There are 6 protein chains.
Amino acid sequence: MTAELVTFGETMLRLNPPSGTRLETASTLEFRTAGAESNVAIAAAHLGTSSVWLSKLPDSPLGRRVTNEVRQHGVEPRIAWDDGGRQGSYYIEQGSAPRPTTVIYDRADAAITTARPAELDREAIRNAAVFYTSGITPALSSTLAETTADILATAQAAGTTTAFDLNYRSKLWSTTEARRASESLFADIDILVAAERDVHNVLDRHGEARTLAEGLVSDFDFRTVIITCGEDGALAIHDGTTYEQPAFETDTVDAIGTGDSFVGGYLARHIAGDSVSDALSYAAATAALKRTIEGDLAVVTANEVEQVLENEGSGIAR
Amino acid sequence: MTAELVTFGETMLRLNPPSGTRLETASTLEFRTAGAESNVAIAAAHLGTSSVWLSKLPDSPLGRRVTNEVRQHGVEPRIAWDDGGRQGSYYIEQGSAPRPTTVIYDRADAAITTARPAELDREAIRNAAVFYTSGITPALSSTLAETTADILATAQAAGTTTAFDLNYRSKLWSTTEARRASESLFADIDILVAAERDVHNVLDRHGEARTLAEGLVSDFDFRTVIITCGEDGALAIHDGTTYEQPAFETDTVDAIGTGDSFVGGYLARHIAGDSVSDALSYAAATAALKRTIEGDLAVVTANEVEQVLENEGSGIAR
Amino acid sequence: MTAELVTFGETMLRLNPPSGTRLETASTLEFRTAGAESNVAIAAAHLGTSSVWLSKLPDSPLGRRVTNEVRQHGVEPRIAWDDGGRQGSYYIEQGSAPRPTTVIYDRADAAITTARPAELDREAIRNAAVFYTSGITPALSSTLAETTADILATAQAAGTTTAFDLNYRSKLWSTTEARRASESLFADIDILVAAERDVHNVLDRHGEARTLAEGLVSDFDFRTVIITCGEDGALAIHDGTTYEQPAFETDTVDAIGTGDSFVGGYLARHIAGDSVSDALSYAAATAALKRTIEGDLAVVTANEVEQVLENEGSGIAR
Amino acid sequence: MTAELVTFGETMLRLNPPSGTRLETASTLEFRTAGAESNVAIAAAHLGTSSVWLSKLPDSPLGRRVTNEVRQHGVEPRIAWDDGGRQGSYYIEQGSAPRPTTVIYDRADAAITTARPAELDREAIRNAAVFYTSGITPALSSTLAETTADILATAQAAGTTTAFDLNYRSKLWSTTEARRASESLFADIDILVAAERDVHNVLDRHGEARTLAEGLVSDFDFRTVIITCGEDGALAIHDGTTYEQPAFETDTVDAIGTGDSFVGGYLARHIAGDSVSDALSYAAATAALKRTIEGDLAVVTANEVEQVLENEGSGIAR
Amino acid sequence: MTAELVTFGETMLRLNPPSGTRLETASTLEFRTAGAESNVAIAAAHLGTSSVWLSKLPDSPLGRRVTNEVRQHGVEPRIAWDDGGRQGSYYIEQGSAPRPTTVIYDRADAAITTARPAELDREAIRNAAVFYTSGITPALSSTLAETTADILATAQAAGTTTAFDLNYRSKLWSTTEARRASESLFADIDILVAAERDVHNVLDRHGEARTLAEGLVSDFDFRTVIITCGEDGALAIHDGTTYEQPAFETDTVDAIGTGDSFVGGYLARHIAGDSVSDALSYAAATAALKRTIEGDLAVVTANEVEQVLENEGSGIAR
Amino acid sequence: MTAELVTFGETMLRLNPPSGTRLETASTLEFRTAGAESNVAIAAAHLGTSSVWLSKLPDSPLGRRVTNEVRQHGVEPRIAWDDGGRQGSYYIEQGSAPRPTTVIYDRADAAITTARPAELDREAIRNAAVFYTSGITPALSSTLAETTADILATAQAAGTTTAFDLNYRSKLWSTTEARRASESLFADIDILVAAERDVHNVLDRHGEARTLAEGLVSDFDFRTVIITCGEDGALAIHDGTTYEQPAFETDTVDAIGTGDSFVGGYLARHIAGDSVSDALSYAAATAALKRTIEGDLAVVTANEVEQVLENEGSGIAR
C-alpha cells in the first residue's frame, strides 16, 4: 500500500498517575503510547491522510502494546522487530501552577537506537507524498543520526517532500550537539518546523519569529519554515510569502502533544493540496482540539476541526 | 399516595467516558440515568416535594436500572412495564473549549413511545398540585404527542396546575414540527418555561426576553411565562408582573441538567406557596448548585440552596 | 491489499458492569466491542493471518469506536458508513453459579441491517483464501439474509473457501426460522461449524457428535463439518475422515467469545496449510487461552498457542 | 401506605478495599450500606413484597447515604432523624483461605442507640403482615433493648406476625448477655430463625438441628423455628411438622448477607401465602443468588429465584 | 534516634468521594490519612527534617493504616497503641463555587482522647529542636487539654522551641472555650501561628494582621507570631521585626492541608537555621505546591520548593 | 539505629494490568514496588523484626517511589542515591491456566548495578543479627557480584549470621554462570535457602529434597539448608537434624513473593530465638497468607500468622 505520509521515529510507553497525584505516591498509572513521529502520523490519519509509521521495537508484549495503539488510530506500523532491545518509556506527572509538568524519560538503549536504513521500508518513503521525522530521532544514538541522514537523503532523491520538526530535548543532548546534528540535515529538508525557543536556544538565532524564519530560509534555502510560538500562534514563510496564524483559545486538559498535532494537521492539508494559509489554520485548530484531550494524540475528525474554524465549537448539541 | 408533583416523560441511560477522554477510544463509561421529567421530579424531591414520575419502560435490568436510580433520589416511579420496547440511552462526551459537549441519542423505539393515557396513573395527575412534562415528550412519537395532549387536558380539567418546558431537541424534530405541536398544547398549560433561544428558533418570536414573555402571555394567556437566558439569568411574567432573576456565578463541573434543576427548584417552591420572586431565586440557586455536580441531577438539600441564597456558600466548614 | 481471511457481520458495543455487580445497580461499565465475525478475524490476525472485516456502521463516534478497536487487533475494517442507522450494542452481566450470565441485546435497526452486496468489498471476498460469516448475520434482517446468500455465492463462484458457524441466537429468531434460512445457505458453504446443541435445537438432528457430523456431510455435502461440544471438545469430519479434539482444561475468566476464537484459530491454520488435525488442536488451544482473558477477543500470540500445545503453559517465567 | 413487611434495626455504611487488598494499605474503598434488618427488607422488596424499614439516623449526608441506597432497592425508609448521633459504619476485608474475612465495627453511639418506641411508626408495625428485627438490635444499647421489647409486644398485640433472627455478634455483647436478652423476647416472637452455631453458643443448647428446633419449640412455643446450617442447608419446624431444605451449590463472590437474604426470601413467600416448604426452598435459592453478588444485598428478581429452583440457572442466555 | 522535629496530635482517616460526586450518592471513596500535626511533620520530613510524630491509636488495621501512611512520608510514628479506643475519621466533599467544601468529622472517643503524658515519648520532645502541636489537640478532650499543657511545659523546660497553630475547629468547641484553653497555653509557646480569622473569632482581637501580631507579642511575649491571611499571604513579627510574605498564585487542586504545609515548611527552615524571612518564603512556596496535590500532604522536595522561589516552576521540562 | 535484620538488593517498580487483561491491550497499570531482598525485610518487619534494607537508587521520583513504599511497611531504607542510573522495573501479567504468568524485566543498567561496598552501610551489617541477600544480586552485574562477596565476608567476619536464597533468574544469567557465582559465595553463608528446582537446574544436584539438603550440608558446611518444594512444603537440615514442613492449603490470589515471605517469616522467628521447627511452620504460614494478597508483600501481623498455625483462619469474625 502506498501511504501519503510516512514518518519515522521512536514511540514510547507513556505512564502517568492520575492528575493531582504525585508519581512518588501513586498506586495506579494510566498506560498509553506516544512519540513525536507516530503522534504526527496519527493526527494526520484521523484527518483522512493515509499514514505509515516506521520504527524498530522489541518483539514483546510491550512492543505490541505500541503497535496496537498506533493501529487503533488508523496508522499502519511497519516495524523492524528486535529480539533484544528495550521498549522506551516515559513517566509524566501533570503539573498545576506553580508545579511544573515533569517528564522522566526511560528510553536509553531502546530497540530503535540500533535501527539502520536497511531495516526500514525505504520504498514506502520513496512513494510517499511527505516523509516526516523530528530532531528527537538523531538525538537517540549515533546510529540513528546516520540513519536519519540516510533516509532524508533517500526521500529527497525520490522527490518525496521532507518535513522536520527541530523538537529539542534537553534530556537527550546539549544544544551544541543538537545544532550541529540538525544543521547537517537541513540540506535535505523541505519543510522545517521549529518552536521559537528552540531556534533561540539550539540554533542560536535571535529576534522575533519573522526574523528567525527569514534567516533560516535565507541560510538554508528551505521551501517552507514554520515557527511556532505557543499561545502567540505560528508564523510561516513559504516561497517568499509570510503567513501569520494566531492560536485558538482553549480550556486545556493536557498540553502534551500539541506541537505534533499542529504538524499532523498541517501535513494532512498540505498533502490534500491546501494553501499554506489554509493548512496553517487547520493545524492551529487541530492543535487546539488536542489540548482538550487526555494523552498525546489528536483524536479528532476533519469535521470537528472545521467546526472550530467556523467558530461553532461551543455549547451542547442535542 | 397523593404526590404534590407528578411528571411524565422518558428517562434514558446516560453513558459517558471520563472527562478528557473521547468516546471513540474510551474503555470505561460512567453509567447513570437522566431525563428532563425525572430530573425535575428529583430536584423537587430533594427539596422536600413529594414527587411521582410516570413513564413506560422495558421490563428488563435496564428498565430497573432507571427506576432504581429514580427511587434512590426520593421520587416514586409509577411505570407501565413493557415486554418489548427498548430502553432509551444517550452517550455524552463532555467538551472543553473549543471542543463542544457532544450528545448521541439512541432512543428510537423506546418503550415510552407507545405509551397511551390508559397506561398512566391519571388519578395521580388529577390529585397533584402540579403536573409537569416537556417538549421532548410529544417529540418522541405521534402516539406520545396524543398522550401528552390528553393528559395535559386531564390535568387542567382536574384543576391541577400544568407546567411545560419547551425544551427543543433538534435531533428529534424540526423547529416547524416542534412549533406546531407545542402551540397546540399551550391552551392547557399554566406555566410555560422556555429557553430564550428556543423561543427564537422554535416559536419564531424575536426580541429581548421581556418582549418574548409579554408576547407569549398575550397570545396564549399563560398564567406564568419564564424565559431562561443561561448566564444572563431568567425573566418571568406572572399575573401581569415582571420578575428578573440573575444567574449565580459558578465553577461548573457539569452543565447538563441545569435547566431541569431550575424548573424543579421553581416548582418545589411554587408548590410550597412561595412568591414567584422567591421561587425564581430558589430555582436559580438550585441550578447553580447542580452545575457543581457530575450528572444531570440536583442532589442538593434545601439547606444548601438557602446557603447559596444567603451567599454563605464558599470556603470550608470544619 | 489482498487479505487471506475476509469476514462479514455485525460488531456491537459490549457494555458490562464489573464482575459481581448487577446491571441494575451498576455505576460504571466496561466498554468494548464484539461480534462473531470480527472476533474470528481478530483471533486469526493475532495468529498471523492477514484479515479484513466487512460491515456497515453508523458514521458516528460509536461506529468509529468499533473500527478503532478492530484495527487495534490488526484487522482491517472495510466499512460502508451509514448516515442514519444505529450502532448495535449489548449489555452483559457475568454470572456465577447458580446465577447465569445474562446478555441483553440492543441491536434492532443497526446500520448493518440494510447492507446490500454492492456496499461490500466483493473483490476482497473473491481474492481471499477463506470467507467467513455466521448464522447471526442472516438473522438480523431479511435484507441481510439476502446479502448473506449473495456473497456466499460470490465467494463460492470465485473459488474462495466459505466457512460458516451456525451460531444460533434465540433472541433473534425461532429455531424454525433459523433452520430454514441456514439450510438454504448450506449449498454454498465448504466448512460448517456448529455447536452440538444448535444442531439438536435448530437443525433438529439428534444423536452424538459423530452421528450429527456424518448426517450433515451426507445430506449437504460439506467439505468439512466441525461439531463443537464445549468442555467435551470438538469432532470434525473432513473428506471422509473423522478427527476428535479434546478441550484443554482452563481456569476460566470470561467464557464469551470462546467459540469464535476456536474458529479463528482453525481458519488461521487452515489458511496456513495445516492438516485438519493440527488446525483443530490449534483451535482448541486458542479457545482455551481466550477463556483466560476478559472480553470476547483472543489476544494471543502464535507462540503462546504453541506453548499450550506443548503443555508448557503454566508457572511463572522469570 | 400499608406495607406488608416492616423491619427495624441499624443500617451502617459498609467500607471495603478491593478484593485481595488489605485495609492497612488500601487507597480506595468501596462504599455501600448494610444492616441485617434493611437487608431483609430489601431482599423481600426485590421479590415483590411492599416493605418499610424503620430506623434512626443522623441528619447528615451520611444518614442520607443510607436512606438513598435503601430506597434504591424499593424499600421505604421511615426515619427518626437525629441532630446529634453518629452514623454507624463497618470496614470489611474479604478473606481468602487461610486468611479469614475481617469485620471492624465502628458503630458505638450510633443515632439508633437512643431510639425509643415513640420515635418509630408503630402504626406501620400494627398494620403489617410481618414485623422483623434481629438480635443485633437489642445488643446495641439498653435503650434499644427496651425499645425492641416494646415494639415486639406492640406487633404481637396487633396480630402482626413477628420474626426474629438470633444473629449473635460477639463484638457487641457476651453470649450470656445475648442469651438473657433474647430469651426475654421469645414470648413475643412467632418465627425464630437461628444459625445452628448461635443456638450452641448463645442459647447453650446442643445436639443436631432437629433436636435444637424441637427443644426451642417445646420450651418457648414458637409457631415456627428455622435453624440454618450454612452449606448443610436449613431445618424448620412449623406447627409440629419438620421441613429440611438443602443449600444450593454456589460459586461464591461475597458471602456477607447470605443469612439476611434467606430470611428475606422466606418472609416474602410467607407473606405471599406459600407453604413453609415452598418458602424454605425460595429462601435457599435467594440466599444462593446473593452469594454471587458483591455487597450484602440480594439484588435479584422473583424470576431469577424461580430459575434457580427449576435448575435452569446456568450457561449463557442469548 | 533524636529527631529535629517532634509533633503530637490526632491523625484521622480521610474519606472522600471523587471530585464532583456527592457523599450521599457515592459508591467509592478515596482513602487517605490526615491530621494537622502529622501533616506538619510530613511536610518537614519531605524537606529534609528528621521528624517524629507522637499519638495514640487503636491497635487495629485502621490504626496501622495511619502509621503506614505516616511512615511512607518519612516520619517516624511513636504510638501508644490502645486496645479499645476508636480510630477517628473524617469525610470530605470537595466543593466548587457556589457549593462549599464540606467536612464531616467522626472523631468522638478516638483513642487519642485518653492520651496522658506518660504514654508519650517525652524524651524525644526534650531532645528535639522544635515541638509542635495545634489548637485541635486540647479541643479533643479534657484529658488531652491537660496532656497538651503538660508536654508544652516539658518541652519549654528542656529548652525545646515550642510551636503552636491556633487552628480553631468550630465543630469541636466554642470560640469561648477555645480562647480560654489556648490562652492558658500561651506562656509555654515560642512560636504562635494563627489564621487572621481565628484571631478575630477566637481571640476576639481585631484590626489588620500587623495590629493583631503586635498585640499578641505585646500581651503574651511570644518569640515569634505569624498571622496567615490566605491569598493575602502572611505576616510575622520576630524579635521585634515585622516580615511580610505574599502568597504564590496557584492553580489549586485541593486546598486542604495548605496551612499545615506552610507551618511544616517554616519549621523545616527554622530548624535548618534560616532567617525568618527565608523561612517564610519557603513556607509560602511549600504551601503553594501543596495546593496542586490531592490530599492533605505536601509531597514535595526541597528542590521543587526552590524552583518555585526562583520562579522556574512552570512549563514542561523534557 | 541497630537493626536486627539487614538485607541488600534491588527493588523494582512493579507494573501490572488488571487481572484478566493483557499487557498489550491494557490502559491502566497497578503500580507497586518489589524486590526479593526488600520483600524479605518487609515480611520480617510486619512480624516485628527491626529491619533495614540497603540499596542504590536513582535520585528521582521513581527512586523515591521505591523508598516510600518500603518505609510504609516499616523497613528503614538506607540508600546510596545515584544521579545517573536507571530505576529497574518489571511488568507482570497474572496468568490463569493454561496461560502462564508472564514477567518482563526492564532492569538493565539499574543504579544498583554500580553499587560498591563503600556505598553501603557496612556498620549496619556488622551490627545485625542476620544479613540477607539473594542470588539475584550477584546476577545483576559483575560489580554487584564483587560487592555481594565483599559484604557477605564482612558480615561473616563480624559474626552476623548470613542468609542467602539461591533465587535463580533465567532472564539474568545462565545456570552455569549462576552455579559458579553462587558456589563461590557459599563459604560465607550460614543459612542457604533454595527452591528444589533451582538445586536441580543450577547446582546440578539431583534426588529428593532430603538428598539435596544433605549433599549441600556435606559439601559446603552450611549451618542450615532449607529446600522449598512449593505445594509440597519445605525441608530443612540444621546442625544435623532434619525438619519437614508441609505447605498450608490456600485459595491463592497472587503467588508472586511467596518464597520471599517464607524467608522473611523464617528469619523473623530465627532472630526471635525460635527453634528451627517453629520458625519453619511460621514461615509456611506467612507464605500462605501472602498468597491471599495482591502484590509481592506479606502485609500480615504476627497475630494473623498465629491464627493460621492454630487453624483458626477461616470464616468471618464479627
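Engineer: Could you give me a rundown of the overall build of chain A, with the residues and numbers involved?
Structural biologist: Helix and strand content of chain A: 11 helices and 14 strands. Here the C-alpha atoms of chain A give a radius of gyration of 18 Å, agreeing with the 20 Å that 2.2 N^0.38 yields for 318 residues. Each of the three principal axes of chain A carries a C-alpha extent, and together these read 50 × 50 × 40 Å. Taking all 318 residues of chain A together, the buried fraction comes to 63%. Residue pairs at least 24 apart in sequence account for 69% of intrachain contacts in chain A once pairs closer than 6 positions are excluded.

Engineer: Please give an account of the side chain of Thr49(B) that cites residues and values.
Structural biologist: Residue and element names in this part refer to chain B. By secondary structure assignment, the location of Thr49 is in the loop between helix H1 (36-46) and strand E4 (51-58). Residue classification places Thr49 among the buried residues on the basis of a relative accessible area of 5%. Residue contacts for Thr49: discarding those within four places in its chain leaves Glu4, Leu5, Ala44, Ala268 and Ile271.

Engineer: If you had to explain the pairing of strand E2 (residues 12-16) of chain C to someone new, which residues and values would you point to?
Structural biologist: Residues and elements named next belong to chain C. Counted residue by residue, E2 has 5 buried out of 5 residues, so it is predominantly covered. Alignment of E2 against strand E3 (residues 28-34), held across 5 bridges, turns out to be antiparallel. Looking at the pairing, Arg14 lines up with Arg32 of E3. Pairing of E2 with strand E6 (residues 89-93) involves 3 bridges; the strand directions are parallel. Looking at the pairing, Arg14 lines up with Tyr90 of E6.

Engineer: How would you summarise helix H8 (residues 209-220) of chain B if you had to cite specific residues and measurements?
Structural biologist: Residues that lie three or four places apart on an α-helix share one face, since the helix turns once every 3.6 residues. Residues and elements named next belong to chain B. Between its first and last C-alpha, H8 extends 16 Å over 12 residues, near the 16 Å set by a 1.5 Å rise per residue. Every buried residue belonging to H8 is among Ala209, Leu212, Ala213, Gly215 and Leu216, and all of these are buried. End-on view of H8: buried residues confined to an arc of 165°, all on one side of the axis. Turning to H8, the residues buried within the fold contact strand E10 (191-195), helix H7 (196-201), strand E11 (224-228) and strand E12 (234-238).

Engineer: Can you explain the packing of aromatic side chains? Please cite residues and give values.
Structural biologist: Residues and elements named next belong to chain D. Scanning the entire structure with this criterion turns up 30 aromatic pairs over all chains. Summarising the aromatic geometry, the rings of Phe186 and Phe220 are spaced 4.8 Å apart at their centres and angled 80° between planes, so their arrangement reads as edge-to-face. With a gap of 34 residues between them, Phe186 in the loop between helix H6 (175-185) and strand E10 (191-195) and Phe220 in helix H8 (residues 209-220) connect regions that are remote in the sequence. For Phe186, a relative accessible area of 1% puts it in the buried group.

Engineer: Give a description of the interface of chain E and chain B that names residues and reports values.
Structural biologist: When the parts come together, some accessible area is lost, and that loss is often what is quoted as the size of the interface. Contacts between the two partners involve 17 residues from chain E and, on the opposite side, 24 residues from chain B. Summing both partners gives a buried area of about 1,800 Å² for chain E against chain B, and 54% of it is carried by carbon and sulfur. If you look at where chain E meets chain B, you find 1 salt bridge. Arg22(E) is the salt-bridge partner of Glu304(B), the closest N and O atoms lying 2.6 Å from each other. Looking at the side of chain E that touches chain B, its residues break down into 6 nonpolar, 6 polar and 5 charged.

Engineer: Can you tell me about the pattern of salt bridges, naming the residues and giving the values?
Structural biologist: Where side chains of opposite charge bring their charged atoms close, a pairing between them can arise. All names here are of chain A. What the rule picks out here adds up to 138 salt bridges over all chains. Notably, a salt bridge pairs Glu10 with Arg107, separated by 2.9 Å at the nearest N-O pair. With a gap of 97 residues between them, Glu10 in the loop between strand E1 (5-8) and strand E2 (12-16) and Arg107 in the loop between strand E7 (101-106) and helix H3 (122-127) connect regions that are remote in the sequence. As far as the burial class goes, Glu10 and Arg107 line up, both buried.

Engineer: How would you explain the sheet that holds strand E11 (residues 224-228) of chain E if you had to name every residue and give the values?
Structural biologist: Residues and elements named next belong to chain E. On the basis of which strands lie adjacent, the open sheet formed by 9 strands has the order E5-E4-E1-E8-E9-E10-E11-E12-E13 and mixed pairing. In the strand order of this sheet, the two ends are held by strand E5 (76-82) and strand E13 (241-245), each with one partner. When the angles between neighbouring strand axes are averaged without regard to direction, this sheet yields 15°. With 5 bridges joining them, strand E10 (residues 191-195) and E11 adopt parallel strand pairing. For Ala194, the partnering residue across the bridge sits in E11 and is Ile227.

Engineer: Quick rundown of the relation of the copies chain E and chain D? Include the residues and the values.
Structural biologist: Placing chain E over chain D gives an RMSD of 0.0 Å and needs a rotation angle of 180°, together with 0.0 Å of translation along the axis. Between the two chains, the operation in question is that of a two-fold axis. Among all residues of chain E, the one whose C-alpha sits closest to the rotation axis is Leu29(E), at a distance of 2.6 Å. The residues that chain E uses at the interface reappear at the interface of chain D in 100% of cases, marking a shared surface.

Engineer: Summarise the interface of chain E and chain D; cite the residues concerned and give the values.
Structural biologist: Chain E puts 22 residues into the contact, and the matching count from chain D is 22 residues. Overall, the association of chain E and chain D removes approximately 2,000 Å² of surface from exposure, summing both partners, and the carbon and sulfur fraction of that is 55%. If you sort the residues of chain E by the area they bury against chain D, Glu24(E), Leu29(E) and Phe31(E) come out on top, with a joint share of 28%. Applying the counting rule to chain E against chain D returns 4 salt bridges.

Engineer: Account for the sheet that holds strand E1 (residues 5-8) of chain D, naming residues and giving values.
Structural biologist: Residues and elements named next belong to chain D. Pairing within the open sheet is mixed, and its 9 strands lie in the order E5-E4-E1-E8-E9-E10-E11-E12-E13. Whereas interior strands pair on both sides, the edge strands pair on one side only; in this sheet they are strand E5 (76-82) and strand E13 (241-245). Taking each pair of neighbouring strands and ignoring which way they run, the sheet shows an average axis angle of 15°. Note: strand E9 (residues 161-165) against E10, 3 bridges, orientation parallel. Its bridge partner being in E10, Phe164 is matched across the sheet by Leu192. Strands strand E4 (51-58) and E5 of the sheet are contacted by helix H2 (residues 61-72), whose axis makes an angle of about 170° with E5. Each of E1, strand E8 (130-134) and E9 touches helix H5 (residues 142-158); the most contacted strand, E8, lies at about 160° to it.

Engineer: Just give me the short version of the packing of helix H1 (residues 36-46) of chain C against helix H9 (residues 258-271) of chain C, but keep the residues and values in it.
Structural biologist: All names here are of chain C. Their axes nearest at 7 Å, the elements H1 and H9 cross at an angle of 45°. Taken together, the axes of H1 and H9 are oblique relative to one another. For the pair H1 and H9, the crossing hand works out as right-handed. In contact with Ala36, Asn39, Val40, Ala43 and Ala44 of H1, H9 contributes Asp260, Ser261, Val263, Gly264, Leu267 and Ala268.

Engineer: Outline the relation of the copies chain E and chain B, listing residues and values.
Structural biologist: For the match of chain E to chain B, the screw axis carries a shift of 0.0 Å, the RMSD comes to 0.0 Å, and the turn is 120°. On the angle and the small slide along the axis, the relation comes out as a three-fold axis.

Engineer: I'd like a rundown of the pairing of strand E13 (residues 241-245) of chain C, residues and numbers included.
Structural biologist: Residues and elements named next belong to chain C. As paired strands, strand E12 (residues 234-238) and E13 are joined by 5 bridges and run antiparallel to one another. What sits directly across from Leu235, in E13, is Glu244. A loop of 2 residues connects E12 with E13, the two strands running antiparallel in sequence, and Asp239 in this loop sits at a positive phi of about 50°.

Engineer: Lay out unusual backbone geometry in plain terms, naming residues and giving numbers.
Structural biologist: The omega angle of the peptide bond from Ala97(A) to Pro98(A) is 5°, so this bond is cis rather than trans. Mapped onto the elements, Pro98(A) comes out in the loop between strand E6 (89-93) and E7. Unlike most non-glycine residues, Asp221(D) shows phi in positive territory, near 60°. Positionally, Asp221(D) belongs in the loop between H8 and strand E11 (224-228). In this structure Asp221(D) comes out as exposed when scored by relative accessible area, which is 67%. In this structure, Asp239(D) takes a positive phi of about 50° despite not being glycine. Structurally, the position occupied by Asp239(D) is in the loop between strand E12 (234-238) and E13. Residue class for Asp239(D) comes out partly exposed when judged on its relative accessible area of 47%.

Engineer: Before we move on, can you summarise the environment of Ala111(D) with the specific residues and values?
Structural biologist: Structurally, Ala111(D) is set in the loop between strand E7 (101-106) and helix H3 (122-127). With residues up to four places along the chain from it excluded, the contact list for Ala111(D) reads Lys56(D), Leu57(D), Pro58(D), Asp82(D), Gly85(D) and Arg86(D).

Engineer: Account for the side chain of Thr33(C), naming residues and giving values.
Structural biologist: All names here are of chain C. With respect to the secondary-structure elements, Thr33 resides in strand E3. A residue is classified by how much of its surface remains accessible, and Thr33, at 4% relative accessible area, is buried. Those residues in contact with Thr33, other than ones at most four positions away along the chain, are Thr11, Met12, Leu13, Arg14, Arg65, Val66, Glu69 and Leu297.

Engineer: How would you sum up H5(D)? Please name residues and give values.
Structural biologist: Residues and elements named next belong to chain D. End to end, H5 covers 25 Å across 17 residues, agreeing with the expected 24 Å (1.5 Å per residue, within 8%). Along H5, the residues that are buried comprise Thr143, Leu144, Thr147, Thr148, Ile151, Leu152, Thr154 and Ala155. Looking straight down H5, one finds that the buried residues subtend no more than 155° of arc, so they occupy a single side. Every exposed residue of H5 that faces more than 90 degrees away from the buried side is listed here: Ser142, Glu146 and Ala157. Buried residues along H5 sit against E1, H3, E8, helix H4 (136-139), E9 and H6. Positive backbone phi, approximately 85°, marks Gly159, located one or two places after H5.

What counts and how
- Within each chain, residue numbers correspond to sequence positions counted from 1 in written order.
- Starting at A for chains and at 1 for ligands, labels are handed out in the order in which the entities are written.
- Per-residue local features of the predicted model are confined to residues with pLDDT of at least 70, and side-chain atom pairs are confined, for both listing and counting, to 80 or more; whole-chain, interface and lining totals are unaffected and use all residues.
- Side-chain metrics in this entry use all non-hydrogen atoms of the structure; hydrogen atoms and water are not considered.
- Labels follow the DSSP assignment, with helices taken as runs of H or I lasting at least four residues and strands as runs of E lasting at least two, numbered in each case from the N terminus.
- Note that the radius of gyration is over C-alpha atoms, with the globule rule given as 2.2 Å times the number of residues to the power 0.38.
- Categorising residues by exposure relies on relative accessible area from a 1.4 Å probe, with only protein chains included: less than 20% of the type maximum marks a residue as buried, more than 50% marks it as exposed, and the intermediate range marks it as partly exposed.
- Contacts are residue-level and defined by heavy atoms, with any inter-residue pair within 4.5 Å sufficient.
- Only strands joined by at least two bridges in the DSSP assignment are considered to pair.
- Multiply 1.5 Å by the residue count of a helix minus one, and that product is the helix's expected span.
- In this context, the arc is that of the directions from the helix axis out to the C-beta atoms.
- Whether two aromatic rings pair depends on their centres lying within 6.5 Å, for rings of Phe, Tyr and Trp, where Trp uses its six-membered ring; planes under 30 degrees apart make the pair stacked, over 60 edge-to-face, and the rest tilted.
- When two parts are brought into contact, each loses some accessible area as probed by a 1.4 Å sphere; the total of that loss over both is the buried area.
- Here a salt bridge means any side-chain nitrogen of Lys or Arg lying within 4 Å of a carboxyl oxygen belonging to Asp or Glu.
- Residue type decides the class: Asp, Glu, Lys and Arg count as charged, Ala, Val, Leu, Ile, Met, Phe, Trp, Tyr, Cys and Pro as nonpolar, and the leftover types, Gly among them, as polar.
- In this analysis, axes come from line fits to C-alpha atoms, helices being fitted only over the stretch in contact, and the angle between any two N-to-C directions falls in the range 0 to 180 degrees.
- All copies are superposed by least squares; the fitting set is the C-alpha atoms of residues with a pLDDT of at least 70 in both.
- The cut-offs work like this: below 35 degrees is roughly parallel, past 145 is roughly antiparallel, 65 to 115 is roughly perpendicular, and the gaps in between are oblique.
- Handedness of a crossing follows from how the near helix is turned relative to the far one, being left-handed for an anticlockwise turn of less than a right angle and right-handed for a clockwise one.

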